[in-house]
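The lines below spell out each chain.
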Amino acid sequence: MTQTRRQFLKTTALASAALGVAASLPAFAQSVDIDDLLVPGPLGDKVLGDENAPVTVVEYASMTCGHCANFHKNTWKPLKEQYVDTGKVRFIFREFPLDPVSAAAFMLARCAPAEKYFEIVDTMFENQRAWAFTDNPYNSLLDFSKQIGFTQESFEECLTNQGLLDAVNAVRDRAANEFGVNSTPTFFINGARHPGAMSIDQMGALIDAEL
């Protein structure tokens, strides 16, 4: 267990190596090239909705971000019901970990069965305080992971996967360097950048303007 804990801390320390990149970014335009934005990362995109929907929304989020959790608790459900499920919006969710614990949480979501990704992300946001803000992130994440189907062995295997960590970081780094993402949540609505959590009325108005 001691060695595994050390490996975990080493892994999550690696996750924080490039976290300073966004702080020194130059100012970016409020819109980006939609074709560039829609190029998937090394792990592929997590997508909901009709691929031919007239509006594409890309969210960059951190699993330990309180604003992201509030968005997913308060805005996501009506957004999905009113726009994603009705074929108006194609929704893409991307990893932008702001700290090592968030990176580890994203790794667990990616290690779970693919069809459970969004369910696990929702569960993590709903229970964020139980695992994200504790004195012992290893045990907190381990305990939480067991509630979503992991064993200690599969938990440790996931969080010591350097290739997976590198891929999660690559999504974040590209967002920061190419698209000007420097906070979470940040949304792109048909390529237009909108940082900060929004209510369903705010987001709906932006989407409706694109329909």
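Residues numbered from 1 in each chain as written. Predicted model: local features only at pLDDT ≥ 70, side-chain atom pairs only at ≥ 80, totals over all residues. Heavy atoms only, no water.

Caption draft 1: Examining the overall build of the chain more closely. Looking only at helices and strands, one finds 11 helices and 5 strands in the chain. Every one of the 211 residues in the chain was classed for burial, and the buried ones make up 46%. For the chain, the accessible surface area stands at approximately 9700 Å², while carbon and sulfur atoms represent 48% of it. (Helix = DSSP H or I, 4+ residues; strand = E, 2+ residues; numbered from the N terminus. Buried < 20%, exposed > 50% of the residue type's maximum accessible area, 1.4 Å probe, protein only. Areas by Shrake-Rupley, 256 points an atom, 1.4 Å probe, with all protein chains shown as cover.)

Caption draft 2: Structural context of the confidence of the model for the chain. Here the chain averages 88 in pLDDT, and 86% of its residues register 70 or above. The model gives residues 1–5 a pLDDT under 50, and that stretch makes 8 contacts with residues more than four places away or in other chains. Every residue in residues 13–29 is under pLDDT 50, and counting partners more than four places away or in other chains gives 34 contacts. (pLDDT = per-residue confidence, 0-100. Contact = heavy atoms within 4.5 Å.)

Caption draft 3: Quick peek at the sheet that holds strand 1 (residues 46–48). Here 5 strands make up an open sheet; going across it, the order is 1-3-2-4-5 and the pairing mixed. Because the sheet does not close on itself, it has two edges, and the strands there are strand 1 and strand 5 (192–195). Strand-to-strand, the axes of this sheet are offset by a mean angle of 20°, without reference to chain direction. Strands in contact with helix 6 (residues 117–126) are strand 1, strand 2 (55–61) and strand 3 (89–95); relative to strand 3, the strand with the most contacts, it is inclined by about 65°. (Pairing = 2+ DSSP bridges. Axes fitted to C-alpha atoms, helices over the stretch in contact; angles between N-to-C directions.)

Caption draft 4: Structural detail: the environment of Tyr138. Relative to the helices and strands, Tyr138 resides in helix 8 (residues 137–147). A relative accessible area of 2% means that Tyr138 is categorised as buried. Between the C-alpha atom of Tyr138 and that of Val101, which follows or precedes it by 37 residues, the distance is 8.8 Å.

Caption draft 5: Spatial organisation of the nonpolar core. By size, the foremost hydrophobic cluster in this structure holds 50 residues, and its most contacted members are Leu79, Phe91, Phe93, Met124, Trp131 and Ile207. The residues contacting Leu79, other than those within four sequence positions of it, are Phe71, Val84, Phe91, Ile200, Met203 and Ile207. Counting 12 residues, the second-largest nonpolar core is a separate cluster that includes Val32, Val58, Ala175 and Ala176. (Core = buried A, V, L, I, M, F, W, Y, C linked by side-chain atoms within 4.5 Å.)

Caption draft 6: Here's a closer look at the environment of Gln128. Along the polypeptide, Gln128 turns up in helix 7 (residues 128–131). Separated by 59 residues in sequence, Gln128 and Ala69 have C-alpha atoms that sit 7.3 Å apart. Dropping the residues within four chain positions of it, Gln128 is found in contact with Met63, Thr64, Cys65, Gly66, Ala69 and Phe133.

Caption draft 7: The arrangement of the pattern of salt bridges in detail. Under the counting rule described, the total for this entry stands at 5 salt bridges. With a closest N to O distance of 2.9 Å, Asp45 and Arg94 form a salt bridge. With Asp45 in the loop between helix 2 (34–37) and strand 1 and Arg94 in strand 3, this pair connects stretches of sequence that are 49 residues apart. Here Arg94 falls in the buried class, since its relative accessible area comes to 2%. (Salt bridge = Lys/Arg side-chain N within 4 Å of Asp/Glu carboxyl O.)

Caption draft 8: Local environment of the packing of helix 8 against helix 9 (residues 152–159). Relative orientation of the contacting elements helix 8 and helix 9 amounts to 120°, with a least axis distance of 10 Å. Considering their axes alone, helix 8 and helix 9 lie oblique with respect to each other. Seen from above, helix 8 lies across helix 9 with right-handed handedness. Taking contact as the criterion, the partners of Tyr138, Leu141, Leu142, Ser145 and Lys146 in helix 8 are, on helix 9, Gln152, Phe155 and Glu156. Looking at side-chain class alone, the contact of helix 8 with helix 9 contains 4 nonpolar, 2 polar and 2 charged residues. (Parallel < 35°, antiparallel > 145°, perpendicular 65-115°, else oblique. Left-handed = near helix turned anticlockwise from the far one by under 90°. Nonpolar A, V, L, I, M, F, W, Y, C, P; charged D, E, K, R; others polar.)

Caption draft 9: Quick look at unusual backbone geometry. Of the consecutive residues Thr184 and Pro185, the connecting peptide bond is found in the cis state with omega at -5°. By the secondary structure assignment, Pro185 is in the loop between helix 10 (162–179) and strand 4 (186–189). Backbone geometry places Asn190, a non-glycine residue, at a positive phi of 50°. Summarising the element assignment, Asn190 is placed in the loop between strand 4 and strand 5. Asn190 sits in the partly exposed class, given a relative accessible area of 27%.

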